[in-house]
Every structure is written in structure tokens, then in C-alpha cells.
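Topology and contacts: notes
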Amino acid sequence: MPTLLLNKNTVKELLDMSEVIEAVEQAFRDWVEGRGRMPPKSYILLEKGDFRAMPAALPGAVGIKWVSVHPQNPSRGLPTVMATLVINDPDTGYPLAIMDGTDITAYRTGATAAVASRYLARKGSRSLGIIGAGRQAYTQIEAHVKLFDLREIRAFDLSKASVERLIKAFPGYPVEESSLEKAAGSDIVCTVTPARWPFVKREWIAPGVHINAIGADAPGKEELEPSVLNGAVVVVDDLEQSRTSGEINVPVSKGLFSMKEVYGTLGEIISGRKPGRRDDKAITVFDSTGVAIEDIAVAQVIYEKAKHRGGCPSMNLIE
Ligand SMILES: NC(=O)c1ccc[n+]([C@@H]2O[C@H](COP(=O)([O-])OP(=O)(O)OC[C@H]3O[C@@H](n4cnc5c(N)ncnc54)[C@H](O)[C@@H]3O)[C@@H](O)[C@H]2O)c1
């Protein structure tokens, strides 16, 4: 049996945001209901960036993502985040496919945030604030426009050129350049920067706002002032990963936020074990560290589509 080799172009052609949203939502449900397995990701921290090994098993698929985060890469013409994925047959271990995981990472990150917004943001949310207009910003927008009728998308970045590129990529959508404060004042706010200091201020966040805190996904990273978390409904993707490497990792290590204050996990909310938003005035925060079940669920969708399409390059890894 051949092992499929799926390069960036093929994966990109096969990615469909609506399917990705459905796949990640189901993956969280499967996991919390005991049909998935996922050890916390392990990190190798280097001087210029870090690497993560992210294995997971879901019904019908098992695999691993090997992903790097190097924030200085854009100045070398390379993406900050790059990934490769391997998926195997759960019954035999046979390697089914090796595929580019960079776009899968961006799609599943946007999709997971939009799913969190679906359960945690106010129903009539009309404005989206994007803080950090790099690679992940594009899929935050693509996923949110699938689930919300957005009238305003306010983008802020330290780099004006990045905001201009983002606006150009969404002709026909209400994407506009914004101040940091105005973006943070949107109904739904997505923070997608590699920041290591809390620059989003509590005073800018109005009652009822939902924040997807995406950027902090390794020890020492944080984007929100810890006071944003105090009193907010804080939902995490994974308790252990969030404690050690999510938005809450620095406040927890400094004693400014306690794990007891975490309301629950996204899986608990999706599966109905805990209610999502109950109060229109509550500030809600989804602390996204990125979990391997998201990647494996999407890789499985891509593999099935590639298999049926045929004509993909392959190699015989096992004679
Ligand atoms: N939670 C997850 O699942 C997940 C997944 C992928 C990436 N990430 C994280 O998201 C972050 C962004 O990733 P990316 O691929 O978009 O990177 P990127 O380098 O493509 O974009 C980051 C953008 O943030 C901007 N920026 C930096 N500091 C800023 C600040 N203080 N205020 C406003 N803008 C600022 C940069 O100018 C750049 O345009 C990284 O930290 C990455 O590790 C998280």
C-alpha cells in the first residue's frame, strides 16, 4: 500500500473552511467523550524559536504533527509557523500519508477559535477585532465569516504593511485598519501575535466581549493584561497545556490567576457538559494553545479527499 505525499499546493486545494470547522468541533466532542487520546505536546525550546511534537488519536486516525514557531522568520521570507504531519492506520500502524501541515495549522486554529466564538460570543456579534495581522489572522477571518454576520472587521498590527496585505486579501469584506484600542473593543477579539508581554488592556474590554487568545502558545508568552482574566469566564482547550504554555501560563506562575478560576474546557462546552455563554455582560476568554486532535482531525479529512481524488504522488515506505 503506498504512502501518500501531499505537498502544500495539494493540501491547500483540498482545505475547505466549513469542513475544517465541522472536523475540529467533532474532534473536541470525541476527545471529551473518551473516543480520542492526546498526551500534552512536548516542546524543544531553542534560541531563535521552538519545536513541538503533537501526537493524537481519534476514531479512524492516529498521527503526529511536528511544528516549529520562529517569530523572526518573516524577515527571511519564511512563515513563523511551519509544520509537517504524518497520519497512520490505527489498526496496523501503516503510514497512510505525509503532508504539509502549515496551512492545516492555520485553518484549524481559525476554525477552533470560531467554534469557541460560536459557544461563547454574544449571538448578535457584528464586529471582529484582529490584533496581529500575520498568517493566523487570515484564517481567523475566514472561519468567523462562516459563522457570524460581521459588519466590521478591525485589524491592528505593529506593521502597517501587514494590515494592508490583510485588507487586500479580503476584497468585498468589511476589513479596515484600526487602532489597537478600537480592535480590542470589538464584539469578538482575536489576539494572534507572538507577544511576550501583556499589551491588551483591561480598560479597553467592554462587558459582553469574547476574546480568542491565540498567540500565547508556549511558556513565557502572553498578550492580555492578567486583570482581563480576573472575573472573566475563562475556557481553555487543554488544562495542562494552558497552565504551562497558554495565555494563563504567566499569570498562573506569578500567582495572578489560579487554575481554580478556569471555567472549563472547550470540549466540555461543545459536548453540553457545561453551558456556554449565559450572561450577555460576561467577558469570555478562550485560551487556545492549539491541540493535536485539531490537526489529526483535519489531516484525516484531507487524506480521505486525496485518496478519492487519486493521482497524488506516493512512496512505498514498507515493502
Ligand atoms: N493557539 C494556536 O493554536 C496557534 C496556532 C498557530 C500559531 N499560534 C501563535 O500565533 C502567533 C501568531 O502566529 P502567525 O503565524 O500569525 O505569526 P506571523 O509572524 O505571521 O504574524 C504575527 C503578526 O503579529 C504582529 N505583532 C507582533 N507583536 C505585535 C503586537 N504587540 N501588537 C500587534 N501586532 C503584533 C507582527 O507584526 C506580525 O504581523 C504566534 O505566537 C504563534 O505561535 C498559535
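What you see is a predicted model, and the numbers here were worked out from it, not measured in a lab. (Residues numbered from 1 in each chain as written. Predicted model: local features only at pLDDT ≥ 70, side-chain atom pairs only at ≥ 80, totals over all residues. Heavy atoms only, no water.)

**Looking at the side chain of Asp217**
- As for its placement among the helices and strands, Asp217 is situated in the loop between β12 (210-213) and β13 (222-224).
- A polar side-chain atom of Asp217 sits 3.0 Å from a polar atom in the side chain of Arg52.
- What Asp217 contacts, discounting residues up to four positions off in sequence, is Lys41, Tyr43, Arg52, Val69, Ser245 and Thr289. (Helix = DSSP H or I, 4+ residues; strand = E, 2+ residues; numbered from the N terminus. Polar contact = N/O pair within 3.5 Å; in protein donor to acceptor, adjacent residues only side chain to side chain. Contact = heavy atoms within 4.5 Å.)

**A look at the site of the ligand**
- Close to the ligand lie 26 residues, the nearest being Thr80, Gln136, Asp157, Asp217 and Lys221.
- With respect to the ligand, the side chain of Arg108 contributes an N or O atom lying 2.9 Å from an oxygen atom.
- At 3.4 Å from an oxygen atom of the ligand is found a main-chain nitrogen or oxygen belonging to Gly290.
- Relative to its unbound accessible surface of 860 Å², the ligand loses 90% to contact with the protein.
- When atom positions are compared with the pocket grids, the ligand is found to occupy the largest pocket.
- Residue assignment for the shell around the ligand shows that the elements contributing at least two residues are α3 (102-120), α4 (135-147) and β11 (196-200).
- Domain assignment of the residues forming the shell around the ligand places at least three in each of domain 1 (3-104 + 293-315) and domain 2 (122-291). (Near = heavy atom within 4 Å. Areas by Shrake-Rupley, 256 points an atom, 1.4 Å probe, with all protein chains shown as cover. 1 Å grid on protein atoms, 1.4 Å probe; cavity = no way out; pocket = protein on both sides within 12 Å on 5 of 7 lines; lining within 4 Å. Sits in = over half its atoms within 2 Å of the grid points. Domains from an automatic or database assignment.)

**Examining the side chain of Thr105**
- Mapped onto the secondary structure, Thr105 falls in helix α3.
- A polar atom in the side chain of Thr105 sits 2.8 Å from the side chain of Lys65.
- Separated by 2.6 Å, the side chain of Thr105 and the backbone oxygen of Gly101 make a polar contact.
- Those residues in contact with Thr105, other than ones at most four positions away along the chain, are Lys65, Val81, Ala83, Gln136 and Asp295.

**Quick look at the domain arrangement of the protein**
- As far as domains go, the protein holds domain 1 (3-104 + 293-315) and domain 2 (122-291).
- Using only C-alpha atoms to locate each centre, domain 1 and domain 2 end up separated by 23 Å.
- At the junction of the two partners, domain 1 supplies 23 residues and domain 2 supplies 26 residues.
- Regarding the contact of domain 1 and domain 2, the summed buried area is about 2,000 Å², with carbon and sulfur atoms giving 64% of it. (Buried area = accessible area lost by both parts, 1.4 Å probe.)

**Remarks on the pattern of salt bridges**
- Scanning all chains against the criterion turns up 23 salt bridges.
- Across the pair Arg52 and Asp50 runs a salt bridge whose closest N-O atoms are separated by 2.4 Å. Here Arg52 matches Asp50 in class, with each residue buried.
- Notably, a salt bridge pairs Lys65 with Asp295, separated by 2.9 Å at the nearest N-O pair. On the criterion of sequence distance, the pair formed by Lys65 in strand β4 (residues 61-69) and Asp295 in helix α11 (residues 292-309) is long-range, its members being 230 residues apart. Each member of the pair, Lys65 as well as Asp295, is classed as buried.
- One salt-bridge network, in which partners are shared between bridges, spans Asp50, Arg52, Asp217 and Lys221. (Salt bridge = Lys/Arg side-chain N within 4 Å of Asp/Glu carboxyl O. Buried < 20%, exposed > 50% of the residue type's maximum accessible area, 1.4 Å probe, protein only.)

**Some details on the sheet that holds strand β10 (residues 188-191)**
- The strand order across the open sheet formed by eight strands is β9-β8-β7-β10-β12-β16-β14-β15, and the pairing between neighbours is parallel. Whereas interior strands pair on both sides, the edge strands pair on one side only; in this sheet they are β9 (175-177) and β15 (262-265). Geometrically, the sheet is characterised by an average inter-axis angle of 20° between neighbouring strands, direction not taken into account.
- Inspection of the sheet shows β12 paired to strand β16 (residues 284-287) by four bridges, in the parallel sense. Bridged to Ile211 within β16 is Val285.
- In this fold α3 packs onto β10, β12, β14 (233-236) and β16, with an angle of close to 155° to the strand it touches most, β12.
- Together, β7 (127-131), β8 (152-156), β10 and β12 form the strand contacts of α4, whose direction differs from that of β7 by roughly 165°. (Pairing = 2+ DSSP bridges. Axes fitted to C-alpha atoms, helices over the stretch in contact; angles between N-to-C directions.)

**A few points about the packing of α3 against α4**
- Between α3 and α4, whose axes approach to 8 Å, the crossing angle comes to 45°. When the axes of α3 and α4 are compared, the pair comes out oblique. Between α3 and α4 lies a crossing of right-handed hand. The segment α3 lies against α4, with Asp103, Thr105, Ala106, Tyr107, Thr109, Gly110, Ala111, Ala113, Ala114, Val115, Ser117 and Arg118 engaging Arg135, Gln136, Thr139, Gln140, Glu142, Ala143, His144 and Leu147.
- Looking at side-chain class alone, the contact of α3 with α4 contains eight nonpolar, eight polar and four charged residues. (Parallel < 35°, antiparallel > 145°, perpendicular 65-115°, else oblique. Left-handed = near helix turned anticlockwise from the far one by under 90°. Nonpolar A, V, L, I, M, F, W, Y, C, P; charged D, E, K, R; others polar.)

**Here we look at the nonpolar core**
- Of all hydrophobic cores here, the largest spans 51 residues; its most connected members are Met99, Ile293 and Ile302.
- Split by domain, the residues of this core number at least three in each of domain 1 (3-104 + 293-315) and domain 2 (122-291).
- Beyond its immediate chain neighbours, meaning those up to four positions away, Ile293 contacts Ala27, Phe28, Trp31, Met38, Ala56 and Leu58.
- If you look at the next biggest cluster of nonpolar residues, it comprises 25 residues, including Ile131, Phe156, Val189 and Ala232. (Core = buried A, V, L, I, M, F, W, Y, C linked by side-chain atoms within 4.5 Å.)

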